[in-house]
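Next come the chains, spelled out residue by residue.
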Amino acid sequence: MPTTSGSLRKFSSSLESQSVGITPVVASVHDHGSRIEVRAKNWPNSLHIPHVWLRDHCRCAQCYDPKTFQCNFDVATMPLNIRPSKIALLQDELHLTWPDGHESRYTLQFLWHHSHGGHTSHARDTRVAWSAKTFPPLHQISVPESTISGPGLRKVFTLLEQYGVALITEVSPDLDSTIAVSNHIGPTLKTFYGDTWVVRANGERADAAYTRVALGAHTDGTYFTQAPRVQVFHMVEAAPEGGETLLVDGLRVAQVMQTKHPDAYDFFSTHAIPGQYIGDGQQQYALLKTFIHHPVTGAFQQFRYNLYDRAPLSTLSVGAVEQYYRHLQTLASVVTDQDAGVWLKLQPGSVLFVDNWRVLHGRAAFSGPRCFLGCYISNDDYISTLRTVMQLNVMK
Ligand SMILES: C[N+](C)(C)CCCC[C@H](N)C(=O)O
Ligand SMILES: O=C(O)CCC(=O)C(=O)O
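Definitions and cut-offs
Residues numbered from 1 in each chain as written. Chains lettered and ligands numbered in written order. Predicted model: local features only at pLDDT ≥ 70, side-chain atom pairs only at ≥ 80, totals over all residues. Heavy atoms only, no water. Domains from an automatic or database assignment. Salt bridge = Lys/Arg side-chain N within 4 Å of Asp/Glu carboxyl O. Helix = DSSP H or I, 4+ residues; strand = E, 2+ residues; numbered from the N terminus. Buried < 20%, exposed > 50% of the residue type's maximum accessible area, 1.4 Å probe, protein only. Contact = heavy atoms within 4.5 Å. Polar contact = N/O pair within 3.5 Å; in protein donor to acceptor, adjacent residues only side chain to side chain. UniProt positions renumbered as here; feature names shortened; annotations may be inferred. pLDDT = per-residue confidence, 0-100. Pairing = 2+ DSSP bridges. Axes fitted to C-alpha atoms, helices over the stretch in contact; angles between N-to-C directions. 1 Å grid on protein atoms, 1.4 Å probe; cavity = no way out; pocket = protein on both sides within 12 Å on 5 of 7 lines; lining within 4 Å. Points joined across faces, edges and corners; volume = space filled by probe spheres on them. Nonpolar A, V, L, I, M, F, W, Y, C, P; charged D, E, K, R; others polar. Near = heavy atom within 4 Å. Areas by Shrake-Rupley, 256 points an atom, 1.4 Å probe, with all protein chains shown as cover. Sits in = over half its atoms within 2 Å of the grid points.

1. Focus on the domain arrangement of the protein chain
Here the domain parsing of the protein chain yields domain 1 (13-118) and domain 2 (138-389). When each unit is reduced to the centre of its C-alpha atoms, the spacing between domain 1 and domain 2 is 42 Å.

2. Describing the pattern of salt bridges
Where charged atoms from two side chains of opposite charge approach closely, those side chains can pair. Tallied over the entire structure, the rule returns eight salt bridges. A salt bridge links Asp-31 to Arg-83, with the shortest nitrogen-to-oxygen separation between them at 3.2 Å. In this pair, Asp-31 sits in strand E2 (residues 25-31) while Arg-83 sits in the loop between helix H1 (51-56) and strand E5 (86-90), placing the two residues 52 residues apart along the sequence. When its relative accessible area of 5% is taken as the criterion, Asp-31 is described as buried.

3. Let's talk about helix H7 (residues 250-260)
Residue pairs three or four apart in sequence face the same way in an α-helix, which turns once every 3.6 residues. Among all positions in H7, only Gly-250, Leu-251, Arg-252, Val-253, Ala-254, Val-256 and Met-257 are buried. Contact partners of the buried residues in H7: strand E14 (245-249), helix H8 (262-270), strand E17 (291-293), strand E18 (300-303), helix H9 (318-335) and strand E21 (359-363). You can read the cap of H7 off the contacts: a side-chain oxygen lies 3.0 Å from the backbone nitrogen of Leu-251, and it is on Asp-249.

4. Quick word on the UniProt feature "domain: Gamma-butyrobetaine hydroxylase-like N-terminal" (unreviewed entry) in the protein chain
In the UniProt entry, the feature "domain: Gamma-butyrobetaine hydroxylase-like N-terminal" (unreviewed entry) is given for residues 46-111. As annotated, residues 46-111 has a helix share of 15% and a strand share of 29%, and its two end C-alpha atoms lie 11 Å apart.

5. Thoughts on the confidence of the model for the protein chain
In the predicted model, the protein chain carries a mean pLDDT of 90, and 91% of its residues have values of at least 70. Note on residues 1-24: pLDDT under 50 across the span, and 57 contacts to partners over four residues away in sequence or across chains. In the model output, the complex is listed with pTM 0.90 alongside ipTM 0.98.

6. Here we look at the sheet that holds strand E9 (residues 165-169)
Backbone hydrogen bonds hold the strands of a sheet together, and the pairing may be parallel or antiparallel. Taking strand neighbours across the sheet as the criterion, the six strands line up as E8-E9-E20-E12-E23-E10 in an open arrangement whose pairing is mixed. What marks the edges here is a single partner per strand, and that holds for strand E8 (142-144) and strand E10 (196-199). Averaged over all neighbouring strand pairs, the angle between strand axes comes to 25°, with direction disregarded. Judged from the three bridges that link them, E8 and E9 form a sheet pairing that is parallel. Bridge pairing links Pro-144 to Thr-169 in E9. Those strands touched by helix H5 (residues 151-163) are E8, E9 and strand E20 (351-355), and its axis lies near 150° from that of E9.

7. Focus on the layout of surface pockets
The volume enclosed by the second largest pocket comes to roughly 390 Å³. Residue lining of the second largest pocket: 26 residues in total, with Ala-209, Leu-215, His-218, Asp-220 and His-361 positioned closest to the centre. Of all the secondary structure elements, the ones that give two or more residues to the lining of the second largest pocket are E10, strand E11 (215-218), strand E12 (230-237), E21 and strand E23 (371-377). Class assignment for the residues of the lining of the second largest pocket results in 14 nonpolar, seven polar and five charged.

8. Some words on the site of ligand 1
Within the structure, ligand 1 sits among 15 residues, and Asp-207, Asp-220, Tyr-223, Asn-306 and Asp-309 are positioned closest to it. Taking Asp-207, its side chain carries an N or O atom lying 2.8 Å from a nitrogen atom of ligand 1. Here a nitrogen atom of ligand 1 and a side-chain polar atom of Asp-309 are 2.7 Å apart. Alone, ligand 1 offers 370 Å² of accessible surface; in the complex the protein occludes 96% of this. For ligand 1, the cavity whose grid points lie within 2 Å of the majority of its atoms is the second largest pocket.

So this is what it looks like as structure tokens:
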């Protein structure tokens, strides 16, 4: 029989925990039969952790390969009624002994980050919604390229997380420099456009971006099952007249929709809308919702909005089609609201990074020559670098 069976045994110790910042704290463990409860004075809530979770998450070198961080423990045949035979809390570590003698240790920081009640990594959200009035002025979002490999890169990620835009300055106006600066954020994403592009008003592609017309605020790649996460704009030849860049915060659009037009928000959160790209030998098509939410927290995660790249609306019921046009006009009015959009005239030397899951972009019509270079970065690569740079790599 486990020594803790049925009883409420309490272990206390003084400990330091980096994750929650206040020291020293008192922690305690209670066994509740199939799970244990861990409390630390500076945690906002205690953690209830099933014994099966604890056995599976043993981080000893036998259960979890320290080189590959892959699981070697045979979870498929683990006894579902497994219980530790010994429980101890030593310093900031929980020590468990299992009936077969196997020993497991977990730091409180690990438990806080990775068991259900803590899940701070899911809940981390530093986003600040902005409007034309509150958009961080450009001098605040500029980061000289010379500092990019140092603290500058943290600044770039902080800005991308908070506002969905960052501007890196002092970059040479050529493609190699565009790639070099983008690679700090992630490898370029290869699509049918290639790894990178040079965009002029030359009709080179079956897309209005390659003309001189104005483009309303949109997100790119609504015809891909996963839209590119970051879009990089490097203006190397600004138009003599016009061609300003329009930016609109999709997070703010989502917030306004949620509060002022909840029916429309709900519609676009529950109905998939098809996007397409036809031309250049492509038949790209994707069917996804306009507002996408985090699968665990339900927080707004992505806005997919492009009125140009809409495919025939063949996927909605007759009634939903009627609702769609009504709700779309509401949504469009929030996107084009005077208070929403910020206009920037990008100049050679500056590279603009836009979170394409959040911030919409567009441009004013222009005359004369204009050329910008660019690339995309995938969501996975962006998030991976973000975790590394911001030291969120607690997943080990
Ligand atoms: C970025 N790049 C110039 C290569 C393509 C522009 C694509 C714009 C397109 N309508 C879309 O939303 O994807
Ligand atoms: O020309 C521009 O500034 C933007 C074009 C555009 O929307 C795009 O490349 O995705």
